[in-house]
Each structure stands twice: as structure tokens, then as C-alpha cells.
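A look at the structure
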Amino acid sequence: MHRLVIIALITTGAVVVGCTDSKRATMSAEFSDQPADITCWSYGTETYNGRSTGRVTRRDAATTFVDAANGRLTAIEGDCRIVYLPKTN
């Protein structure tokens, strides 16, 4: 019985240690309502450059968010760079 507890503790420790800072940041951004700067391109031409009010969703080749400039739900197809803003306390 004690061996099972020890094995479970070692396994849990390995999982926690194996989590990189980029993985933690990705999980934090995906599960929070963190705003981001967004720049999108289509065929090499910039089609959008702005900021979201919060969470950015990427599904089926579309990037969806609420545009901070006009408060409207926006969906963009194309290549987008998403840079999440630092968290404020």
C-alpha cells in the first residue's frame, strides 16, 4: 500500500515539474479572459490590426474575438498573430 502512495507522489511530481513556462502561459491565456493584440494577414496583406477586449478563440481557420475599438464580435479567416497582454493585478 505504501508503495502505491509513493509511486503516486513521484508521478504527480514529475507532471508538475514537466510543465514548462510556455505551457503554463498557454493554459492561462486559454482559460482566462485576457485581452490580446491581434494582427491578421491574408495572402501577405495585413487585413486586421487591433485589440480584443478579452478571450480570443481559434476554430476552423477563424479567429474570433470582441474588437476593443467598436465592441463588436469579429471573426477573421487568415493567418493571425495573437499576443496576449500582461495580466494586471
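If you're wondering where the values come from, they're calculated on a predicted model, not measured in any experiment.

Within the protein one finds two helices and six strands. Of the regular secondary structure in the protein, the N- to C-terminal order runs α-α-β-β-β-β-β-β. Carbon together with sulfur atoms contributes 57% to the accessible area of the protein, which is approximately 6,900 Å² in total.

The next point concerns the sheet that holds strand β6 (residues 79-84). Taken together, the three strands give an open sheet; going across it, the order is β2-β1-β6, and neighbouring strands pair in antiparallel fashion. What marks the edges here is a single partner per strand, and that holds for β2 (45-51) and β6. Neighbouring strand axes in the sheet, compared pairwise and without regard to direction, differ in orientation by 10 degrees on average. Sheet analysis places strand β1 (residues 36-42) next to β2, joined by six bridges and oriented antiparallel. When the bridges of β2 are listed, W41 appears paired with E46.

Okay, the pattern of salt bridges next. With the rule as written, the count across this model stands at one salt bridge. When the shortest N-O distance is used, the salt bridge between R51 and D37 registers 2.8 Å. With R51 in strand β2 and D37 in strand β1, this residue pair connects regions lying 14 residues apart in the sequence. Given the relative accessible area of 28%, D37 is considered partly exposed.

Glancing now at the side chain of T39. Within the fold, T39 resides in strand β1. Exposure remark for T39: the relative accessible area of 6% places this residue in the buried category. Setting aside anything within four residues of it in sequence, one finds T39 in contact with E46, Y48, N49, D79, C80 and R81.

The rules behind the values
Residues numbered from 1 in each chain as written. Predicted model: local features only at pLDDT ≥ 70, side-chain atom pairs only at ≥ 80, totals over all residues. Heavy atoms only, no water. Helix = DSSP H or I, 4+ residues; strand = E, 2+ residues; numbered from the N terminus. Areas by Shrake-Rupley, 256 points an atom, 1.4 Å probe, with all protein chains shown as cover. Pairing = 2+ DSSP bridges. Axes fitted to C-alpha atoms, helices over the stretch in contact; angles between N-to-C directions. Salt bridge = Lys/Arg side-chain N within 4 Å of Asp/Glu carboxyl O. Buried < 20%, exposed > 50% of the residue type's maximum accessible area, 1.4 Å probe, protein only. Contact = heavy atoms within 4.5 Å.

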